[in-house]
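Notes for the structure review
In case you want the letters, here they are:
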Amino acid sequence: MLLPILSILAALNIGLTPQDRLEEAVAAADRWIDGLAAEIDTLSLAVWKDAELSLEEVESSKRIASWLEQHGFTVEPGIAGMPTAFRATWQNGSGPTIGLLVEYDALPGLSQVAGPKKQARPDETSGHGCGHNLLGVGAATAAIAARHAMEASGIPGRIEVFGCPAEERGIGKVLMARAGLFDKLDAALHWHPGDRNVVSDQSWLALNNVKFRFSGRSAHAAANPDAGRSALDGVEIMNVAVNFLREHIIDEARIHYVTTNGGQAPNVVPDVAEVWYFIRAPRRDQVQAIYQRVVDCANAGALASGTEVTVHLQSALHDILPNTVLGDVLYRHLERVGAPDYDEAAEKLAADIAPTLPEAKERQLAHQVARILDAPVFPASTDVGDVSYCVPTAGLQTATWTPGTPYHSWQAVAQSGSTHGLLAMHTAAKTLAGCTLELMVRPDMLETAREELAQRTGGEPYRCGLPESIGLEDITEDD
Ligand SMILES: [Zn+2]
């Protein structure tokens, strides 16, 4: 649904060139964000305090969705069968459709106050160790600022904001992509808190998240061991087989596991046991091939121990497919906005946190912006990958944290609730809003981005790694 360039020019033809009009709209979006900074920060801190876990983000999703609603977006709650998911849409005539990705889930066991010392909040056990309170409100801010600027400048187009729950469990965007919700977008934009101000073409690892449940026969472990069939033996034999498998897979792959149920007491042969695996590799097909071999190891464990095993796939994430065309547009806007303008209090908190970090590189927040084109695969996984296979996708990171702050740490929680986190969120929002506005008036760029996606996928359509037969109720049966 790309708008012909002539009709855009007609829509904007009131004395200004399209470029003038775009610059005016971008400046208006920046002003809107600056003018409402206090309200935006209050909302982000409320989500930080909610610290709701994956699929339990009832208050946080409601806060962000109703804020979008107040600004004229039409909200559809509960999309893709997830109660805490939503899509918020705003449309001005006919033009391109740009999607913005919003996340808001926190992590268990990371309760932390917004200060420089490790100290849990007395009223909370979870915390925003990935800064999704900044991510969610920052992306929603970009959408609202772009929407107001589009209306004021007469720029036609459609903005779709996706409230994506459970990023930490790799579920939200996978189920949304499987339901085809990203298919009609011309581009998707996102951002993530971090310790640098960058637009990177870095990919992330694809992942299968899977539980193996063994069932055997219990017996007295001393008096009748011959009558027992140990489910834990099944797990252990499987793990040994997988640890031998490591030698014969690609170096870039990662396999890690925890035993989530290994029996209750040594004197009872365990009749039930469970082991939980993450299998990662740079590409989806590589994960799938290794996954099949891990399933073989599970079956070998069951055969050798005289038990049975069932396989419970929890999620299947794609790697991230970068889009250089979109990334370049996004970076131009990051350069325009510049690094966050940290105040003295922000620099002080960052400097106080630096000595507590295992890999503190420096005590100052990042004051540069950068474009990274050739970087090795980032050794983690995100469900943004599935979006990037459906539609041209680009993202940025801004320095919400002092350099060397690990994801999912108390330091990340503390800084995500602090001034420098909020200031860097404004930078991300302005960058995303500017990029959204530019894409609305540059259908030629969207076309080139679409061609790049087709070239990277070889024209293969997106195929979700999670089979249709696996629903949210299967994934959450242990919750
Ligand atoms: Zn995250």
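Here, the structure is the one placed above.
Attention in this report is confined to the structure presented alongside it.

1. Side note on the side chain of Glu274
Summarising the element assignment, Glu274 is placed in strand β9 (residues 272-281). A polar contact of 2.5 Å, which involves the side chain of Glu274, links it to the side chain of Arg213. When residues no more than four places from it in sequence are discounted, the contact partners of Glu274 are Lys211, Phe212, Arg213, Val235, Val258, Thr259, Thr260, Asn261 and Asp478.

2. Describing the coordination of the zinc ion
Where a metal carries four tetrahedral donors, each ideal angle is 109.5 degrees; where it carries six octahedral donors, the ideal angles are 90 or 180 degrees. The protein atoms donating to the zinc ion are Cys130 (SG), His132 (NE2) and His192 (NE2), with metal-donor distances spanning 2.1 to 2.3 Å. Between the donor residues of the zinc ion, the gaps in sequence give the motif C-x1-H-x59-H. One end of the pair, Cys130, is in the loop between β3 (97-103) and α5 (132-153); the other, His192, is in strand β5 (residues 187-194), and 62 residues separate them in sequence. Note on Cys130: relative accessible area 6%, which makes it buried.

3. Some words on the pattern of salt bridges
The full count for this structure, using the stated rule, is 26 salt bridges. Notably, a salt bridge pairs Arg87 with Glu160, separated by 3.5 Å at the nearest N-O pair. You can see Arg87 sitting in strand β2 (residues 86-92) and its partner Glu160 sitting in strand β4 (residues 157-164), a full 73 residues away along the chain. Taken as a pair, Arg87 and Glu160 share a single burial class, namely buried. Note that Asp478 is salt-bridged to Lys211, the shortest N-O span being 3.2 Å. One end of the pair, Asp478, is in the segment after α15 (472-475); the other, Lys211, is in strand β7 (residues 206-215), and 267 residues separate them in sequence. A residue is classified by how much of its surface remains accessible, and Lys211, at 9% relative accessible area, is buried. Through salt bridges with shared partners, one network takes in Lys211, Arg213, Glu274, Glu477 and Asp478.

4. Looking at the environment of Ile475
Within the fold, Ile475 resides in helix α15. Taking the C-alpha atoms as reference points, Ile475 and Gly434, separated by 41 residues in sequence, lie 38 Å from one another. Beyond its immediate chain neighbours, meaning those up to four positions away, Ile475 contacts Arg169, Ile171, Gln314, Leu466 and Ile470.

5. Structural notes on the sheet that holds β5
In sheet architecture, strand pairing relies on hydrogen bonds along the backbone and comes in two forms, parallel and antiparallel. If you walk across this open sheet you meet the eight strands as β1-β2-β4-β3-β5-β12-β6-β11, and the pairing is mixed. A single partner strand is all that each edge strand has here, and the edge strands are β1 (74-77) and β11 (369-372). The mean inter-strand angle of the sheet, taken between neighbouring strand axes irrespective of direction, is 20 degrees. Pairing of β2 with β4, which is carried by seven bridges, proceeds in the antiparallel orientation. Paired with Phe86 across the two strands is Gly163, which belongs to β4. Along the sheet, α5 makes contact with β2, β3, β4 and β5, crossing β3 at roughly 155 degrees.

Quick notes on the rules
Residues numbered from 1 in each chain as written. Predicted model: local features only at pLDDT ≥ 70, side-chain atom pairs only at ≥ 80, totals over all residues. Heavy atoms only, no water. Helix = DSSP H or I, 4+ residues; strand = E, 2+ residues; numbered from the N terminus. Polar contact = N/O pair within 3.5 Å; in protein donor to acceptor, adjacent residues only side chain to side chain. Contact = heavy atoms within 4.5 Å. Donors = N, O, S within 2.8 Å, 3.2 Å for Na, K, Ca; no water. Buried < 20%, exposed > 50% of the residue type's maximum accessible area, 1.4 Å probe, protein only. Salt bridge = Lys/Arg side-chain N within 4 Å of Asp/Glu carboxyl O. Pairing = 2+ DSSP bridges. Axes fitted to C-alpha atoms, helices over the stretch in contact; angles between N-to-C directions.

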